[in-house]
Amino acid sequence: MTVPIITIDGPSGAGKGTAARLIALELGFHLLDSGAIYRILGLAATDAQIELDDVDSLVSLSNSLDLSFPYDAEGTEIVLNGAAVGDQLRTQAVADAASQVAVHPPVRDALMGLQRRQARDPGLVGDGRDLGTIVFPDANLKIFLDASVEVRAERRYLELIQSGQTVERSAILRDLEIRDVRDRTRKVAPLVPANDAYVIDSSDKTAAQVLADVRDLCRAKGLA
Ligand code: DC
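Fair warning: this is a prediction, and the values are worked out from it, not measured in the lab. (Residues numbered from 1 in each chain as written. Predicted model: local features only at pLDDT ≥ 70, side-chain atom pairs only at ≥ 80, totals over all residues. Heavy atoms only, no water.)

1. A closer look at the pairing of strand 1 (residues 5–9)
Then comes step 1: Counted residue by residue, strand 1 has five buried out of five residues, so it is predominantly covered.
Then comes step 2: Both strand 1 and strand 6 (residues 124–128) contribute to a ladder of five bridges, which runs parallel. Pairing of I6 across the sheet is with V125, part of strand 6. (Buried < 20%, exposed > 50% of the residue type's maximum accessible area, 1.4 Å probe, protein only. Helix = DSSP H or I, 4+ residues; strand = E, 2+ residues; numbered from the N terminus. Pairing = 2+ DSSP bridges.)

2. With respect to the site of the ligand
Then comes step 1: If you check the shell around the ligand, you find 16 residues, and the closest are R39, R108, R129, R179 and R186.
Then comes step 2: Within the side chain of S12, a nitrogen or oxygen atom sits 3.3 Å from an oxygen atom of the ligand.
Then comes step 3: One nitrogen or oxygen atom from the side chain of R186 is found 2.8 Å from an oxygen atom belonging to the ligand.
Then comes step 4: Protein chains bury 98% of the 450 Å² of accessible surface belonging to the ligand in isolation.
Then comes step 5: Only helix 2 (34–47), helix 4 (92–101) and helix 9 (169–185) provide two or more residues apiece to the shell around the ligand.
Then comes step 6: Classifying every residue of the shell around the ligand by side-chain character gives three nonpolar, five polar and eight charged. (Near = heavy atom within 4 Å. Polar contact = N/O pair within 3.5 Å; in protein donor to acceptor, adjacent residues only side chain to side chain. Areas by Shrake-Rupley, 256 points an atom, 1.4 Å probe, with all protein chains shown as cover. Nonpolar A, V, L, I, M, F, W, Y, C, P; charged D, E, K, R; others polar.)

3. Examining the environment of A208
Then comes step 1: Topologically, A208 is positioned in helix 10 (residues 207–220).
Then comes step 2: The exposure class of A208 is exposed, given its relative accessible area of 55%.
Then comes step 3: Along the backbone, A208 and T18 are 190 residues apart, and their C-alpha atoms lie at a distance of 9.6 Å.

Written as structure tokens, this is what we have:
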């Protein structure tokens, strides 16, 4: 029997992570935060002074990552090689490094097995950019969660301020726009909705409203 899989793809700040965690909690499924994988790689490469276009070194680094994503109603923990990573993944510098390492096809290939291994009984909810198109093309339910860049920048701004970082609104908006262009136009696995994805625009919705939409889609697919 195959493991049920739900994918939630979309740009940064659309609310994917929260929607994925809350629906995983309701269904008792495992969680995959694929953005965290690229962030870990970006951070580890920066720490090891590996250039973000040194593909061979990035691939060997990718092969050494062992990650899991324990979560609860409050949030998701990223556990790397047995130790919790903490908040250091949530900076703009790490997000930018993640987006840069993510453009290299051999790096994406090297991270494929790690992502697919997360699909275990009783099911998986994953969020990212290419989960419904490339990583899990046969997923039972594919969602593409979008929102205007202004709304996403405001959400990211509040998130970073709440985590104690000093940031400027205009800088966040600019970074998001740059990252959006890079993620949407890269040659391999660009950010596009799968043909069979349900598109939800979260610009005017609360997290609870998005969760309700996702829950309805799960029910319609016999997943809840
Ligand atoms: O979702 P996030 O903001 O944590 O993702 C950080 C970067 O990682 C994003 O700019 C692009 C990359 N990424 C990707 O290329 N493919 C994924 N499935 C998830 C993230």
